[in-house]
Structures are given as C-alpha cells and as structure tokens.
Amino acid sequence: FAIVRGGALIHQVRNEITHKFLHETDCDTMVCIDSDVSWEWEAMQRLLVFSQYYPIVAGAYCLRKDPPAFFINGFEGHESLNEHGLLTSRGTGMGFVAITREAFERIPAPTYFSPQYPEKPVKAYFQTALVDNRSFGEDIWFFEEAHKVGIPCMIDPGIELLHHGRKAYDYKLRDSYVVNPT
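Owing to the predicted nature of the structure, the values given are computational and were not obtained by experimental measurement.

**Q** Help me understand the pattern of salt bridges in this model?
**A** Oppositely charged side chains are able to pair whenever their charged atoms sit close together. The full count for this structure, using the stated rule, is 10 salt bridges. Between Arg14 and Glu138 there is a salt bridge whose closest N-O contact spans 2.9 Å. Residue Arg14 is found in helix H1 (residues 10-24), and its partner Glu138 is found in helix H4 (residues 138-148); the two are separated by 124 residues along the sequence. Residue Arg46 is joined to Asp156 by a salt bridge in which the shortest nitrogen-to-oxygen separation is 2.7 Å. Within this pair, whereas Arg46 is found in helix H2 (residues 41-50), its partner Asp156 is found in the loop between strand S12 (153-155) and strand S13 (161-164), the two being separated by 110 residues in sequence. Residue Asp156 is classed as buried on the basis of its relative accessible area, which comes to 0%. By sharing partners, the salt bridges in this structure join Arg14, Asp34 and Glu138 into a single network.

**Q** What exactly am I supposed to notice about H2 here?
**A** It helps to recall that an α-helix has 3.6 residues per turn; residues three or four apart then point in one direction. Taken as a whole, H2 has its buried residues at Ala43, Met44, Leu47 and Phe50. Taken down its axis, H2 places every buried residue within 140° of arc, on the same side. Residues of H2 that are buried in the fold lie against strand S1 (29-33), strand S2 (37-39), strand S3 (56-58), strand S7 (96-100) and S13.

**Q** Where do I start with the pairing of S7 in this structure?
**A** Most of S7 sits out of view: five of its five residues are buried. Residues of S7 alternate between two faces, with Phe96, Ala98 and Thr100 on one and Val97 and Ile99 on the opposite face, all of them buried. Where S3 lies against S7, three bridges are found, and the strand directions are antiparallel. By the bridge assignment for S7, Val57 is matched with Ala98.

**Q** Would you take a moment to explain the packing of aromatic side chains for this structure?
**A** Aromatic ring pairs: the centre-centre distance and the angle between the two ring planes describe each pair. Applying the stated rule across the entire model yields eight aromatic pairs. Between Phe104 and Phe142 the ring centres are 5.7 Å apart and the planes differ by 45°, which places this aromatic pair in the tilted class. Here the residue Phe104 occupies a position in helix H3 (residues 101-106), and Phe142 occupies one in helix H4, the gap between them amounting to 38 residues. Among the residues examined, Phe142 registers a relative accessible area of 0% and is labelled buried. A centroid spacing of 5.4 Å and a plane angle of 70° characterise the contact between Phe142 and Phe143, whose relative ring orientation is edge-to-face. Residue Phe142 shares its accessibility class with Phe143, and that shared class is buried. Aromatic rings pair up to connect Phe21, Phe104, Tyr125, Phe126, Phe142 and Phe143 into one cluster. The ring of Phe21 carries the charged tip of Arg101 above its face, separated from the ring centre by 4.8 Å.

**Q** Sorry if this is basic, but what is going on with the side chain of Asn73 here?
**A** Examined against the element boundaries, Asn73 turns out to sit in strand S4 (residues 72-73). Given a relative accessible area of 14%, Asn73 falls into the buried group. Other than its neighbours up to four places away in sequence, Asn73 contacts Ser89, Arg90, Gly91, Arg134, Ile140 and Glu144.

**Q** Whenever I open this one, the environment of Ile99 confuses me. Can you help?
**A** Position of Ile99 among the secondary structure elements: in strand S7. Put simply, Ile99 and Pro55 are 44 residues apart on the chain and 5.7 Å apart in space, counted from C-alpha to C-alpha. With residues up to four places along the chain from it excluded, the contact list for Ile99 reads Phe21, Asp28, Thr29, Met30, Pro55, Ile56, Met94, Phe104 and Phe142.

**Q** Any chance you could explain H1 here in plain terms?
**A** Helix length check: H1 (15 residues) gives 20 Å between terminal C-alpha atoms against 21 Å at 1.5 Å per residue, within 8%. Listed in full, the buried residues belonging to H1 are Val13, Arg14, Asn15, Glu16, Thr18, His19, Phe21 and Leu22. Turning to H1, the residues buried within the fold contact S1, S7, H3, strand S8 (111-112), strand S9 (122-123) and H4.

The rules behind the values
- Residues numbered from 1 in each chain as written.
- Predicted model: local features only at pLDDT ≥ 70, side-chain atom pairs only at ≥ 80, totals over all residues.
- Heavy atoms only, no water.
- Salt bridge = Lys/Arg side-chain N within 4 Å of Asp/Glu carboxyl O.
- Helix = DSSP H or I, 4+ residues; strand = E, 2+ residues; numbered from the N terminus.
- Buried < 20%, exposed > 50% of the residue type's maximum accessible area, 1.4 Å probe, protein only.
- Arc of directions from axis to C-beta.
- Contact = heavy atoms within 4.5 Å.
- Pairing = 2+ DSSP bridges.
- Phe/Tyr/Trp six-rings, centres within 6.5 Å; stacked < 30°, edge-to-face > 60°.
- Lys NZ or Arg CZ within 6 Å of the ring centre and 35° of its normal.
- Expected span 1.5 Å × (residues − 1).

Following this line, the structure appears as structure tokens:
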C-alpha cells in the first residue's frame, strides 16, 4: 500500500506512486482510489476480476453536482456493452481504477528527477497540459496517452461508488444511459 496525504501536485504524486509500483514491487496491477470515493467490497472484486482481462478498468463516479452527471471521455450515453458488460471509453476520473504493469510498459512517457527518487528518473505518465486551448487534467492526460497506443479505459457500470463533497453523490452510472446490447 502507498498512501499519500497532502500532495499539492496530484500529477507528481501519481507519478511517484507509479514509480514505486513499477520499481519497488513485483505486482501486476496498481489500483488507485481517491480519498473522496467510497465503495463496497463487491466494487473492488469487480475491478480486480476485470483487470485480469483488460489493461485499464475503472468505476465511474458521479461528479459532485446535481443533477447527476458523469465524466467519461468518449461516452455518448448510448454505447454498447461488451461481452463482459463493460463500456469502452477514452477515460474517466482516476478515483477508482486498476492499471496493469503491461499498460504502463506500453505507454511512452518523458522522465524527470523527483526529490523522492533522486537516484533514478521518474516517468511522467500523469501530466497537466493546455493543448489547443483545452485543459487536460492528469487523469485525462494519462488516458489519452493510453488511447494513442491502443489501450482503452474499460468502464464497469456494475461498480457503484459514492463521491463525497457537500453530500455523498450516489448516482449510478447504469441508471443514466441507454445501453445497446451487443
């Protein structure tokens, strides 16, 4: 387990955790869970099972606002579920996601030297950027880089999450779209 509290630069914290995962463990899958997301054990089971089939699997959580809305890049609200009941997307928030070692190995990333790891450069898988007047957060940057090398973000609409803010936003993704069966 790697828990980071108080990191002001979320992209740098995510990069350092990823560095630790890749260089200090022999684990196959890294699971990221943000502190403002809560979940039941079944959600974790689903994430871990599907990460055996796909390099990136995520649970989508409602934005902290009413009426309910979900941020899923490349999602129009009428996509088809695949044979495992998952949606193919270009990314979502990083609050509940499993990423395999294989995915990181396929995604090219520039390096930088971190105060945490001065002996070895850290790969910048997570970055923030302004591209063509469009702002990219570190999560969408990562998913776009994965997409460029042919790795989709698979969303499991069966994962139910709470996103905490002024209240616990408990809207379910599966209740907010029409699915075309495959």
